[in-house]
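# Coordinate analysis (summary)
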Amino acid sequence: MYRNSRRTVLFPLAASLLAAAGLLLGQAIGRSGAESRLEAMLGRISMPQNKLSHTVALIAREYVDELSVDSLIEMAIPVLVGELDPHSVYVPASEMQEFNEPLEGEFDGIGVVFNMATDTIVVLNVVPAGPSDRAGVRGGDRIMLIDDSLVAGRKIPQMDIVKRLRGPRGTQVRLSLARRGIDEPVEVTVTRDAIPIKSIDAAMMLDKRTGYIRLSRFARTSGDELSEAIESLRGEGMKGLILDLRGNSGGYLDQAIAIADEFLPEGRLIVYTEDRNRQRMSEYSDGNGSAQDIPLAVLIDEESASSSEILAGALQDNDRGTIIGRRSFGKGLVQRQIPYSDGSALRLTVARYYTPSGRSIQKPYKAGEGEAYGRELIERYVHSEYFSADSIRFDDSLRYTTLSGRTVYGGGGIMPDEFVPLDTTRMTRYFVEVSGRNIIYRYAMDYADRHREALNSVRSVDELRALLDADRGLFADFVNYAAQRGVAYDARQAYVSREIIVAQLRAYIGRNTPLEDAGFYAMIYPIDPVLKRAVEVLSREEGPEAAQ
């Protein structure tokens, strides 16, 4: 209701202000062929543009009350863009840094990973050799003061804390830390510096033969990171690789192409795009990839989108590896970021991309109905798609074939070669209570505090596993901890959920070591059915000796 009324009020105004947006666009865009065509297009609509410019001028000159035309434009542009596809978006100047930062490969800050489980800033890990490490900050420290401003116990939003800790490189921030075993506050001054943002969360060996890489985004450095990770895992004896793209919503298209190139022989089509004039641009593998020979499994789910789907589709259509998991999101639209002179930008859909077999995997949408588009994943859940592959129906008119003649479908995401349903068998009321109240995570933090010295010394997954295996009373201690916080022990339900609770406890504890996310994923592996299926698939492909 609110959305309809807002559109009713703002859309006529938005139309009147289109001219100003067009003028800004014309000033800001570069000189590529596509952008020149866009300028030419704007020239072709010069008559309505002049009328709209005249309307804006009339409002600015004649309207009875004083107003800011700039503010009206900021309100109007999102409404205009909202009438397009679900992935075109206007980004205000104030949000550009936050919008681009995850893909740029670095930011300026102090180099800590922290969390605010309650109202306290807990340093989980310190970036090795980073600003905080050099200043003496340690994992487990509590940040009490930032530049003499009290932040402990005040329930300050986490993003506000991020803004206080970050700043231009070379500037300083003073921290007052509470440290276990030390009565007095520990005072440090940290000089901010460039902090790398890694797109690989974990790169490790799951067993003596199977490597695992989790790629969380397609950032500017993703291709180089992957090549380095593959080389490192080969040195550890890797004979097969699992590439985990679950939850990866995409990023730079060129990085998806570069990563696909690592696995494909020369001359294979990776992806092609077509714009509104059906001009086609195709990308092929160059044959220089470092992992063309390695057995491969790729994990996807309903949150794998865009560049993740380009990569998965390229490998699937070229019969390179096995795609495992659940159907991907279904984003087959390509955006170009066009800057405005004030630092804002328009991310405009300019083309569609197609997998090598010719399929568009963009799921259906109606222009201007972004809310319905966003609900589609909920509908998948309601229709039991997360639990049964048989609930998914594909249109026969969208049938395509891979290089070897296998059938694949377009029209809504990448369907995996091997479907693994969402596992809810261990979900009891007891688990929902301890998970929903954040008790699992809080216990892991408490455990990390009590074993901080041992955890900070962990340097490998094997060391972490041995440390946690030695603690036979972990689950019993947790049960008592949960009971003290209002979740009564239920023997039957606790028995059913024990495996998932213990795995999550070990995973969160593992994240509190220098291994960070690698520690998490190594410990969550026993309850991850998709990952376990991938290990089985690679074992079959590598032969009987792989299981030894």
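For the structure, see preceding data.
Here's a quick rundown of the structure.

How each quantity is defined
Every chain begins its residue count from 1, and numbering advances along the sequence as written. Local features in a predicted model are, by the rule used here, given only for residues with pLDDT of at least 70; side-chain atom pairs are given and counted only at 80 or more, and totals for whole chains, interfaces and linings are based on all residues. Just so you know, side-chain values use all the structure's heavy atoms and leave hydrogens and water out. Each helix corresponds to a stretch of at least 4 residues labelled H or I by DSSP, and each strand to a stretch of at least 2 residues labelled E; elements are numbered beginning at the N terminus. Contacts are assigned to residue pairs that have any heavy atoms within 4.5 Å of one another. The rule for a salt bridge is simple: a side-chain nitrogen of Lys or Arg has to be within 4 Å of a carboxyl oxygen of Asp or Glu. Each residue gets one of three labels from its accessible area relative to the maximum for its type: buried under 20%, exposed over 50%, partly exposed in between, using a 1.4 Å probe on protein chains only. Aromatic pairing here means that ring centres of Phe, Tyr or Trp (its six-membered ring) are within 6.5 Å. Orientation follows from the plane angle: under 30 degrees is stacked, over 60 is edge-to-face, and everything else is tilted. A pair of strands counts as paired when DSSP detects no fewer than two bridges linking them. Axis angles are defined between N-to-C directions and span 0 to 180 degrees, where every axis is a line fitted to C-alpha atoms and, for a helix, only to the segment in contact. Patch membership requires more than 30% relative accessible area and the absence of a salt bridge. Residues of like charge join within 9 Å; the nonpolar side chains Val, Leu, Ile, Met, Phe, Trp and Tyr join within 5 Å. The Shrake-Rupley method, run with a 1.4 Å probe, gives the accessible areas here. Residue values count only the displayed protein chains as cover.

### Observations concerning unusual backbone geometry
Even without being glycine, Asp147 reaches a positive phi, approximately 50 degrees. One non-glycine residue, Lys155, lies in positive phi territory at about 55 degrees. Considering the arrangement of structural elements, one finds Lys155 in the loop between β6 (149-150) and α7 (158-165).

### Structural notes on the side chain of Ser132
Looking at where Ser132 falls in the secondary structure, it is placed in helix α6 (residues 131-135). Residues within four places of Ser132 in sequence aside, it is in contact with Ile110, Gly111, Val112, Val126, Val137 and Val190.

### A word on the pattern of salt bridges
Oppositely charged side chains are able to pair whenever their charged atoms sit close together. Inspection of every chain in the model, using the stated rule, returns 33 salt bridges. Of the charged contacts in the structure, one is a salt bridge between Arg174 and Asp147, with a shortest N-O distance of 3.9 Å. Of the two residues, Arg174 sits in strand β7 (residues 172-178) while Asp147 sits in the loop between β5 (142-146) and β6, which places them 27 residues apart along the sequence. The partly exposed category is assigned to Arg174, whose relative accessible area is 40%. Via salt bridges that share partners, Arg327, Lys363, Glu376, Arg380 and Glu385 belong to a single interconnected network.

### Focus: the packing of aromatic side chains
Under the counting rule described, the total for this entry stands at 14 aromatic pairs. Measuring from ring centre to ring centre gives 6.3 Å for Tyr365 and Tyr373, while their planes differ by 90 degrees; the resulting arrangement is edge-to-face. Overall, Tyr373 belongs to the buried group, its relative accessible area being 8%. Ring geometry for Tyr381 versus Tyr386: centroids 5.6 Å apart, planes at 75 degrees, classification edge-to-face. A network of ring pairs unites the aromatic residues Tyr212, Tyr441, Tyr508, Phe520 and Tyr521 as a single cluster.

### Looking at the pairing of strand β4 (residues 121-126)
Here β4 lies mainly inside the structure; six of its six residues are buried. Relative to β4, strand β3 (residues 112-115) runs antiparallel, the two being bridged by four bridges. Paired with Val112 across the two strands is Val126, which belongs to β4. Here β4 runs beside β5; their pairing, made up of two bridges, is antiparallel. When the sheet's bridge partners are listed, Val122 is paired in β5 with Arg142.

### Observations concerning the sheet that holds strand β16 (residues 322-325)
Strand order across the open sheet formed by six strands is β10-β11-β12-β15-β16-β21, with mixed pairing between neighbours. Because the sheet does not close on itself, it has two edges, and the strands there are β10 (200-205) and β21 (418-419). By the bridge criterion, four bridges tie strand β15 (residues 296-300) to β16 in an arrangement that is parallel. Counted as the bridge partner of Ala297 is Thr322 from β16. Its contacts with the sheet put helix α19 (residues 517-524) on β10 and β11 (210-215), and the angle it makes with β10 is roughly 55 degrees.

### Observations regarding a nonpolar patch on the surface
A contiguous nonpolar patch, built from Ile378, Tyr381, Val382 and Leu422 and spanning about 380 Å² of accessible area, is present on the exposed surface. With respect to the secondary-structure elements, Ile378 resides in helix α12 (residues 376-382).

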